[in-house]
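If you want the building blocks of each chain, they are given just below.
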Amino acid sequence: MENNIIEFEENGKLVKYNVVFTMEGVNNKNFVVYTKGEKTNKDTLCYVSIYEEKNGKYKLFPVKEENDYKLINEVLNSLQNGEKDEK
């Protein structure tokens, strides 16, 4: 995830996403939240995956546990609310 960019193959093409944030070692997992900058109404569409790094290469896995989704959602809401409070 060099320069806050993550690249991986999607439908046979190399795709770049912007990394919003990472959380390492949470519940013995590493999470990455990333986006292409797509908008839904006023919100930016974000994706979340569990990642493993080996020899500078990243492999992404789906988040399957509801508790993990809740945790990531809380962090995203906190970041979003923090930005609103600063304005």
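Presented here is an overview of the structure given in this document. Treat the numbers as computed from the prediction; the structure is a model and nothing was measured.

To continue, consider the packing of aromatic side chains. Within the structure shown, the criterion is met by 4 aromatic pairs. Taken together, a centroid distance of 5.2 Å and an interplanar angle of 80 degrees make the contact between Tyr17 and Tyr34 edge-to-face. One end of the pair, Tyr17, is in strand β2 (residues 13–26); the other, Tyr34, is in strand β3 (residues 29–35), with 17 residues separating them in the sequence. One aromatic cluster is present, built from ring pairs that chain together Tyr17, Tyr34 and Tyr47.

Pairing is possible between side chains of opposite charge, provided their charged atoms come close. If you walk through the whole model with that rule in mind, you get 4 salt bridges. One salt bridge connects Glu7 with Lys16, and the closest N-O pair in it is separated by 3.5 Å. The salt bridge partner of Glu65 is Lys29, with a shortest N-O separation of 3.3 Å. A residue pair is termed long-range when its members are at least 10 positions apart, and Glu65 in the loop between β7 (57–61) and α1 (66–86) and Lys29 in strand β3 qualify at 36 residues. For Glu65, a relative accessible area of 46% gives the class partly exposed. One connected set of salt bridges, linked through shared partners, spans Lys29, Glu65 and Asp68.

What counts, and where the lines are drawn
Residues numbered from 1 in each chain as written. Predicted model: local features only at pLDDT ≥ 70, side-chain atom pairs only at ≥ 80, totals over all residues. Heavy atoms only, no water. Phe/Tyr/Trp six-rings, centres within 6.5 Å; stacked < 30°, edge-to-face > 60°. Helix = DSSP H or I, 4+ residues; strand = E, 2+ residues; numbered from the N terminus. Salt bridge = Lys/Arg side-chain N within 4 Å of Asp/Glu carboxyl O. Buried < 20%, exposed > 50% of the residue type's maximum accessible area, 1.4 Å probe, protein only.

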